[in-house]
Amino acid sequence: MRFVTHRPIDVLGLLTTVTGPELGGTVLFVGSVRRGDGDGPVEAIEYSAYEDMLEAEFEKIMAEAAAQWPGSRVAGMHRVGRVPVGESSVAIAAAAPHRADAFAACRYAIEEAKKRLPVWKKEIFEDGSAAWREGDQPEAGIKPKIA
Amino acid sequence: MRFVTHRPIDVLGLLTTVTGPELGGTVLFVGSVRRGDGDGPVEAIEYSAYEDMLEAEFEKIMAEAAAQWPGSRVAGMHRVGRVPVGESSVAIAAAAPHRADAFAACRYAIEEAKKRLPVWKKEIFEDGSAAWREGDQPEAGIKPKIA
Amino acid sequence: MHLPKALSSATTVTVTVRAFARYAEILGLEETKLELAEPATVGDAVKLLRKSVPNGHLLPERPLVAVNLEHVLVEAPLRNGDELALLPPLAGG
Amino acid sequence: MHLPKALSSATTVTVTVRAFARYAEILGLEETKLELAEPATVGDAVKLLRKSVPNGHLLPERPLVAVNLEHVLVEAPLRNGDELALLPPLAGG
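The paragraphs below set out a description of the structure included in this document. Quick caveat: nothing in here was measured; it's all calculated off a predicted structure. (Residues numbered from 1 in each chain as written. Chains lettered and ligands numbered in written order. Predicted model: local features only at pLDDT ≥ 70, side-chain atom pairs only at ≥ 80, totals over all residues. Heavy atoms only, no water.)

1. Re the overall build of chain C
For chain C, the count of helices and strands is 2 helices and 7 strands. In sequence order, the secondary structure elements of chain C are arranged as β-α-β-β-α-β-β-β-β. When the 93 residues of chain C are sorted by exposure, 54% land in the buried category. A separation threshold of at least 6 residues defines the contact pool for chain C, and within that pool the share at least 24 residues apart is 56%. (Helix = DSSP H or I, 4+ residues; strand = E, 2+ residues; numbered from the N terminus. Buried < 20%, exposed > 50% of the residue type's maximum accessible area, 1.4 Å probe, protein only. Contact = heavy atoms within 4.5 Å.)

Right, dumping it as structure tokens:
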């Protein structure tokens, strides 16, 4: 399954890709566009991405999670393009035999995704203006992870 | 919304009850019946409950979560009756302005639910036999929570 | 099903007892009325059930219990009209 | 768009540079080729872009960078044919 999508995220479909008869716990995180995300009322966020790297980096995050929580399965989707307030921009699902691992794997994947995925947001305000909204990584860069 | 249901859990409907334009993070936990839950291959689990108390106790858990993570919203459903392997028996959704609170509120609600909700399981094995599967609370009982 | 009075005391409380899951199987009942001498605690009710109901001794001395939909300890008092529930170890989810 | 060679060195590496989001706006380009004297690092490429592209000085000296889809530090070497990406601070999710 591709991680990047240009359409609304199918949350149920995502859950289906991770669940299985031996996995008793499934945790889903969904991140949505908030009206109060910016300096003024936000109408939408325009997401842009380095799509090939987004796929490659999320593959790595999934592999790291599988290694740390054996038996777990992680999948995710990130929407790019214009996402209106209230709609989902990112979703991560993690399933594991027991719930503690499902929570941990899901949390790991979304935290790493926020830090490492090459995605950018431009906030579109209700008054029609727009502004880039950037994270706060130090300019020194992201230390590469050894696979 | 009632917490107890006798039908398959509508996960998307549950998510809808907690999300809102000011809540940027939503976390869903889904617990499913595992084939390997019992001493032999499990075909289904028959859930029974003290339904009035289940509703009352889950209301309390939701109120406790709302008090601990202001601005969060929690909802849940617990299925009773026969639940086949792979289907969901319980689901908890929590939404909050930021994801850390959504994770914490969801985790709190499912952990308390597991400890406090008057629900019992009878495992139905593939060979047709059945056995109660009980938790491991001490017989001394559950210390009542002061609201 | 009505159980015999515990004591021929002047003042008594009558409570509804509900049993669930394995405890309902053990006792062969899901609901009954119980009359107890005042003042009565949950523990008194459990003692009476263990003594007077067939297989009652298979109940633990300190089972999980709820009164009027609230988890309580066996020391909790019982008042007339209370609903006392006997809860096998919980196993939700 | 092809930028001028950095140095008239005998051995050079040519890399593809991609810029995203705000950096694409600053530089007025999403993709270009860059020729650098060997041995070259990501930092050398950034230095050249800051000097030779209009508004290039608005790039930070140590931007987030990736080579061939992997996060690297600016000290990383560049080889012929590499894809170097200039990444504004990330803001996924």
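2. Observations concerning helix H2 (residues 42–52) of chain C
Listed in full, the buried residues belonging to H2(C) are Val42(C), Gly43(C), Ala45(C), Val46(C), Leu48(C) and Leu49(C). The N-terminus of H2(C) is capped by Thr41(C), whose side-chain oxygen sits 3.2 Å from the backbone nitrogen of Gly43(C). (Polar contact = N/O pair within 3.5 Å; in protein donor to acceptor, adjacent residues only side chain to side chain.)

3. Focus: the interface of chain B and chain C
Listed by partner, the interface residues are 33 residues for chain B and 25 residues for chain C. Taking both partners together, chain B and chain C bury about 2500 Å²; carbon and sulfur atoms supply 58% of that area. Summed over the shared surface of chain B and chain C, the number is 3 salt bridges. For Glu70(C), the salt bridge is made with Lys60(B), and the minimal N-O distance between the two is 2.7 Å. Where chain B touches chain C, the interface holds 9 residue pairs in polar contact (both at pLDDT 80 or more). Mapped onto the side of chain B that touches chain C, the elements with two or more residues apiece are strand E3 (42–49), helix H2 (51–68), strand E6 (88–96), helix H3 (99–116), strand E7 (119–125) and strand E8 (130–133) of chain B. Per-element tally for the side of chain B that touches chain C: the top contributor is H2(B), with 5 residues. When its residues are assigned to classes, the side of chain B that touches chain C shows 15 nonpolar, 6 polar and 12 charged. (Buried area = accessible area lost by both parts, 1.4 Å probe. Salt bridge = Lys/Arg side-chain N within 4 Å of Asp/Glu carboxyl O. Nonpolar A, V, L, I, M, F, W, Y, C, P; charged D, E, K, R; others polar.)

4. With respect to the environment of Glu75(D)
All names here are of chain D. Here glutamate 75 is to be found in the loop between strand E5 (70–72) and strand E6 (77–78). Along the sequence, glutamate 75 and alanine 24 sit 51 residues apart, while their C-alpha atoms lie 22 Å from each other. When neighbours within four sequence positions are excluded, glutamate 75 is seen to be in contact with Thr41 and Arg62. A distance of 3.0 Å separates the side chain of glutamate 75 from the side chain of arginine 62, its partner in a polar contact.

5. Here we look at the sheet that holds strand E1 (residues 4–5) of chain B
Sheets are built from strands paired through backbone hydrogen bonds, the pairs being either parallel or antiparallel. Strand order across the open sheet formed by 8 strands is E1(A)-E4(A)-E6(A)-E2(A)-E2(B)-E6(B)-E4(B)-E1(B), with mixed pairing between neighbours. Unpaired on one side and paired on the other, strand E1 (4–5) of chain A together with E1 of chain B mark the two borders of the sheet. Pairing of strand E4 (residues 73–79) of chain B with E6(B), which is carried by 6 bridges, proceeds in the antiparallel orientation. Within E6(B), the position partnered with Val74(B) by the bridge is Ala94(B). (Pairing = 2+ DSSP bridges.)

6. Focus: the pairing of E4(B)
All names here are of chain B. E4 sits mainly inside the fold: 6 of its 7 residues count as buried. The pairing of E1 with E4 spans 2 bridges and is parallel. Bridge pairing in E4 links valine 4 to histidine 78.

7. Regarding the interface of chain A and chain D
Taken together, the contact between chain A and chain D spans 33 residues of the former and 25 residues of the latter. Across the chain A/chain D interface, buried area totals approximately 2500 Å², and carbon plus sulfur atoms make up 58% of it. Put simply, chain A and chain D have 3 salt bridges between them. The salt bridge involving Lys122(A) is made with Glu25(D); its shortest N-O contact spans 2.8 Å. There are 9 residue pairs in polar contact (both at pLDDT 80 or more) connecting chain A and chain D. Put simply, the parts of the chain that give the side of chain A that touches chain D at least two residues each are strand E3 (42–49), helix H2 (51–68), strand E6 (88–96), helix H3 (99–116), strand E7 (119–125) and strand E8 (130–133) of chain A. When residues in the side of chain A that touches chain D are grouped by element, the largest group, 5 residues, is from H2(A). Here the side of chain A that touches chain D is built from residues that sort into 15 nonpolar, 6 polar and 12 charged.

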